[in-house]
Amino acid sequence: MYRHSKRRVLERNNIVGDDSTVTPANYPHRLSFYALPPLEEITLDQFELWAIDRLKVLAEVERCIVNNITGQTMESLLKPVLAEHLPLGTHGSAIESERKKDHYSHYILRLAFCRNEDLRAKLVRLETALFKYRFATDDSNDRKSFIQDLNLDWEQVSQQEKDTLAAELAHATVPSPAINETYFKVDFERVCDLVESRRVLVKRGKAYVPNSLQQSLIAAEFSSRLDQALMLTARALPRLEEDQRLVPVLTHLSSGFAWQTYSGPIYSDEGFTADSVAALDRAGHFPLCMHNMQRGLEVNQHLKYEGRKQYGTFLRAIGLSVEESLKFWRMMFKKVTDDKFNKEYAYNIKHSYGLVGSRRAYEPQNCVHIGMSGVGRDEIHGCPYKEFSPDRLASELREMGITDTAELSKIRDLTQKHQYSMACTRVFELTHQGGEPSKETIMAPNTYFSLSYEHAKKTELSQS
Amino acid sequence: MPSVDFTFANHKVDPEVLTQYYQRLFPARYLFQWLNHSPVPSSDFTNREFAFTLFKDEKYIRYLSYPNADAFKKDLLKMTPSRFEIGPEYNSNPRDRRLVNKNNFKTLSKELVFDIDLTDYDGIRTCCSDKNICELCWNFITFSIHVLDETLREDFGFEHILWVYSGRRGAHAWVCDKRARELDDKARKAMIGYLNIAKGTRGKVIDAKRPFHPYVSRMFDVATKDFTQHILLDQDPWRTPEDAEKLLKRIPDLNLKDALKKKWGFSDISSSTKWKDIDEVAKSGNIKTLNANSLLEAKKDIILEYMYPRLDVNVSVHMNHLLKSPFCVHPGTGRVCVPITDPDTFDASSVPTLNELLEELSTSTSTDSNAHAYESTSLKPYIDFFGKFVNNLMKAEQQHAKRGRENDLSF
């Protein structure tokens, strides 16, 4: 019976060790750390539907992260999606059922995404982003009482210490917090984002977080607790495998979540050779990032490590065989001796095809990875829409045949709003479909390639 | 020191000489204690990855590990790696990694490491290029060591920081505190982001908000002191009209830029004169568009751009990144990668080479059979320094463990 198995599962995964049923009355706040697992019965349909609804929200959250969309733009994108699939109000008769759905769907996704590290990391990242968004848009009174109820053990900085550090505290955070601001002192590892962007004072291993930035602290807490909880769930998961009905649902849920790794066609039967790479690029099948590296390779006769990884995995996923790949890199690295090539590069190429070492082929990088990769001096990987100056980007686009100034400024606006994937997609539409909008945003260079390649095949067919 | 040209020097490292070095001079015991944090072998050492680069074919062997110092030294002698690297401690023995599930083979700890290399200064340094270094460009490294060392101590609270000469044109930092070793990749990335004030993308160089964060303002104060001597006088990076473009590019006002260009014409003028000219031309008051404040801020950015520590980010952000061990011999220069005992007086050209050391050994007249061989060579101060460092680290570790036990008992 479904009822029994559900109860059994949840009791096993009970992280807090509290068996009391969570009743609607137990949702005092809109926001939640989801500390207690749900214990009431729901139908199998609800189980799946609620999870899918939450996934739709998380997909939108991920799109924002990928395109680096924050603030008001993020709100304008997320608000309708949340209202449709996962509303969470502050008052009204529906709040109990809304909070219940939020609570249950969160736990179902925990079950679906605890099985491996990648999925866990992804869920933590997206749930934390969703939490942050909700936290920022929460009613301030609600937020206050929510924080009070969390009982977090943060050390408050004494007035005396604040006085001694006054000047440094004032300069560390921009804009300067109010004079009477409350500060918390935590290990710097707990607020990595604030440390990384130098938004707080760091002294003797402690970060001094002003009250105005406590969102970071709470989000970090949320994230680390969810991370730990998922590990515990993962340990309990094997026992769940007994359940014949839940497992397929959960597997289905998590597989749908893997949309962002490239899963489109790989053209290994097209017989691409080392020589066809340049031709494919010239034919306009490569997105700007890959075009940029191909050109860099031709000019410099070399490409640095991250670039080789980004470009090499892309080529593997368009269907270039390992032999041709070796030939290609050998051919491009003109200044490198055979001896050096075999020693320093050939192994890595074979490794990326899963032929040596760990024997696991590398996934091609998607736009999330590429957008997040740091680009140092003399490196030419990464996302050009993010890395190039507006002038340089405009001249690149003109070279690709986009001359309409209105379109060029539209693309520039997108990049300035950090919507790089959308800019890239727009470029694809202009260069391939006469400006006709595509159904989806391109989220991986290989998607760009396969769309372009299919498009060319279709045009050829219709012309013959 | 004169310009040290490492490219053409005769430093062919001979495998047999290297074996002798490993046998008689290499401080294997200290290296063991350094990584093990106690005299008795623990998983800190036994699950630690080593990677050897062999002479033959430059073959690179990863996932080596050793039960104790003797076994490690034995392999050094048997395989005579031209150099070797140190990786992280794993949750099981790296040699057995195929026996455990791939997902269960995880990194547990590794020193937080930093790598500064003079090749990253090639756009700025004029004294040398490529593989060569001299005392003028070594000033960049000295400055970086000071800034990083102070920040790691003051801001992050670390105490056990070992600076090591990389053997050619740079330095490595090993931060060995327990807390540093256990930082996850996210925290390492955060630290690098904090320390690195130039954000990646070309074109935009210095990314320092105003007012300066206390870390940046501390760096700026020191940089300002060194700037005139080290950059304007020693490096003189804007002397020619072409090079002056690099400076002009950073001037925020177009009219001022044109006025300066006109003034400097086509002849070579020293960088210090050009630097002064900026203010003089600006003060002459003919430029109406000029915003004095934005010029001042731009000049601050220029000082930072030419001075800030240039870190190899990838080395630091991943716990599983391997880094060449201290006391390896650099295969290209023959110099030993010694700890930098005092950054202010460190002189790369006086670092002992393998051949010099063996020479010293063979002429040693010491009759004291109890003495270690290294004591009669110029490696002695470096090994003694390393030994002291290791002892301090072990003491701190023991206290830490003791405190941990007491806390357990108090429950």
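The structure displayed is predicted, hence computed values, not measured ones.

Focus on unusual backbone geometry
Okay, step 1: Going from A:V174 to A:P175, the amide bond is cis rather than trans, its omega being -5 degrees.
Okay, step 2: Within the element layout of this structure, A:P175 appears in the loop between α8 (166-172) and β2 (183-187).
Okay, step 3: Looking along the chain, the bond that leaves B:R210 and enters B:P211 is cis, with omega of -10 degrees.
Okay, step 4: Phi at B:H37 takes a positive value of approximately 65 degrees, unusual for a residue other than glycine.
Okay, step 5: Among the structural elements, B:H37 can be located in the loop between α2 (28-36) and α3 (43-46).
Okay, step 6: B:H37 gets classed as buried once you look at its relative accessible area, which sits at 4%.
Okay, step 7: A positive phi is found at B:D130, a non-glycine position, where the angle reads about 50 degrees.
Okay, step 8: Among the structural elements, B:D130 can be located in the loop between β5 (112-117) and α5 (135-154).

Quick notes on the packing of aromatic side chains
Okay, step 1: Inspection of every chain in the model, using the stated rule, returns 60 aromatic pairs over all chains.
Okay, step 2: Centre to centre, the rings of B:F32 and B:F45 are 4.8 Å apart; their planes meet at 75 degrees, and the pair counts as edge-to-face. Highlighted residues: B:F32 in helix α2 and B:F45 in helix α3, separated in sequence by 13 residues. A single burial state applies to B:F32 and to B:F45, both of which are buried.
Okay, step 3: One aromatic cluster is present, built from ring pairs that chain together A:Y267, A:F272, A:F286, A:Y311, A:F314, A:F328, A:W329, A:F333, A:F341, A:Y345, A:F449 and A:Y453.
Okay, step 4: In this structure, A:R143 is placed above the aromatic ring of A:F135, and the distance from its NZ or CZ to the ring centre is 5.2 Å.
Okay, step 5: Over the ring of B:Y121 we find B:R310; its NZ or CZ atom is 5.4 Å from the centre of that ring.

Examining the sheet that holds strand β7 (residues 170-175) of chain B
Residue and element names in this part refer to chain B.
Okay, step 1: Spatial strand order, β5-β7-β6: three strands in an open sheet with antiparallel pairing. This sheet does not close on itself; its edge strands, each paired only once, are β5 and β6 (161-165). Sheet twist, expressed as the mean angle between neighbouring strand axes with direction ignored, is 15 degrees.
Okay, step 2: Against the sheet, α5 touches β5, β6 and β7, its axis set at about 165 degrees to β6.

Overview of the sheet that holds strand β1 (residues 155-156) of chain A
Residues and elements named next belong to chain A.
Okay, step 1: Here four strands make up an open sheet; going across it, the order is β1-β2-β4-β3 and the pairing antiparallel. Each edge of the sheet is formed by a strand with only one pairing partner; in this case those strands are β1 and β3 (201-203).
Okay, step 2: Relative to β2, β1 runs antiparallel, the two sharing two bridges. The partner of E155 across the bridge, within β2, is K185.

Observations concerning the side chain of B:E85
All names here are of chain B.
Okay, step 1: Topologically, E85 is positioned in strand β3 (residues 81-90).
Okay, step 2: The buried charged residue E85 lacks any salt bridge, with R83 as its nearest oppositely charged partner at 5.5 Å.
Okay, step 3: Within the structure, E85 has its side chain in polar contact with the side chain of Y60 (distance 2.4 Å).
Okay, step 4: Discounting chain neighbours no more than four positions away, the residues touching E85 are E49, F50, A51, Y60, L322, L323, K324 and S325.

As for the UniProt feature "binding site: [4Fe-4S] cluster" (unreviewed entry) in chain A
Residue and element names in this part refer to chain A.
Okay, step 1: What UniProt calls "binding site: [4Fe-4S] cluster" (unreviewed entry) maps, in this numbering, to C289, C367, C383 and C424. Considering the C-alpha atoms alone, the annotated residues occupy 136 residues of sequence yet fold into one spot, their largest mutual distance being 10.2 Å.
Okay, step 2: Structurally, C367 can be placed in helix α17 (residues 367-372).
Okay, step 3: Setting aside residues up to four positions removed in sequence, C367 forms contacts with V66, S421, I442, M443, A444 and P445.
Okay, step 4: Classification of C383 by relative accessible area gives buried; the value is 14%.
Okay, step 5: Once you skip the residues sitting within four places of it in the chain, C383 turns out to touch I370 and Y420.

A word on the domain arrangement of chain A
Okay, step 1: Partitioning chain A into domains gives domain 1 (6-148 + 220-257), domain 2 (152-218) and domain 3 (268-463).
Okay, step 2: Using C-alpha coordinates to define each centre, domain 2 of chain A is positioned 42 Å away from domain 3 of chain A.

Section: the UniProt feature "domain: DNA primase large subunit C-terminal" (unreviewed entry) in chain A
Okay, step 1: With numbering matched to this structure, UniProt assigns "domain: DNA primase large subunit C-terminal" (unreviewed entry) to residues 283-449 of chain A.
Okay, step 2: Between the C-alpha atoms that bound residues 283-449 of chain A the distance is 11 Å, and the span itself is 62% helix and 0% strand.

A few points about the nonpolar core
Okay, step 1: Formed by 186 residues in total, the largest nonpolar core has its most connected members in B:Y21 and B:W34.
Okay, step 2: Residues contacting B:W34, with those up to four places away along its chain left out, are B:I86, B:L162, B:W174, B:C176, B:P326, B:F386, B:F389, B:V390 and B:L393.
Okay, step 3: Residues A:L297, A:L320, A:V322 and A:L397 belong to the second largest nonpolar core, which totals 47 residues.

Structural notes on the side chain of A:E396
Residues and elements named next belong to chain A.
Okay, step 1: Examined against the element boundaries, E396 turns out to sit in helix α19 (residues 390-399).
Okay, step 2: Classification of E396 as buried rests on a relative accessible area of 6%.
Okay, step 3: Of note is the side chain of E396, whose polar atom sits 2.9 Å from the side chain of R295.

Looking at the pairing of β6(B)
Residue and element names in this part refer to chain B.
Okay, step 1: Of all five residues making up β6, five are buried, and the element is well covered by its neighbours.
Okay, step 2: Here β6 shows no split at all, with I161, W163 and Y165 on one side and L162 and V164 on the other all buried.
Okay, step 3: Of the pairings in the sheet, the one linking β6 to β7 comprises five bridges and is antiparallel in character. In the strand pairing of β7, W163 is matched with A173.
Okay, step 4: As consecutive antiparallel partners, β6 and β7 are separated by four residues, and within that stretch G167 has a phi angle of approximately 100 degrees, a positive value.

Conventions and cut-offs
- Residues numbered from 1 in each chain as written.
- Chains lettered and ligands numbered in written order.
- Predicted model: local features only at pLDDT ≥ 70, side-chain atom pairs only at ≥ 80, totals over all residues.
- Heavy atoms only, no water.
- Helix = DSSP H or I, 4+ residues; strand = E, 2+ residues; numbered from the N terminus.
- Buried < 20%, exposed > 50% of the residue type's maximum accessible area, 1.4 Å probe, protein only.
- Phe/Tyr/Trp six-rings, centres within 6.5 Å; stacked < 30°, edge-to-face > 60°.
- Lys NZ or Arg CZ within 6 Å of the ring centre and 35° of its normal.
- Pairing = 2+ DSSP bridges.
- Axes fitted to C-alpha atoms, helices over the stretch in contact; angles between N-to-C directions.
- Contact = heavy atoms within 4.5 Å.
- Lys, Arg positive; Asp, Glu negative; His and termini not counted.
- Salt bridge = Lys/Arg side-chain N within 4 Å of Asp/Glu carboxyl O.
- Polar contact = N/O pair within 3.5 Å; in protein donor to acceptor, adjacent residues only side chain to side chain.
- UniProt positions renumbered as here; feature names shortened; annotations may be inferred.
- Domains from an automatic or database assignment.
- Core = buried A, V, L, I, M, F, W, Y, C linked by side-chain atoms within 4.5 Å.

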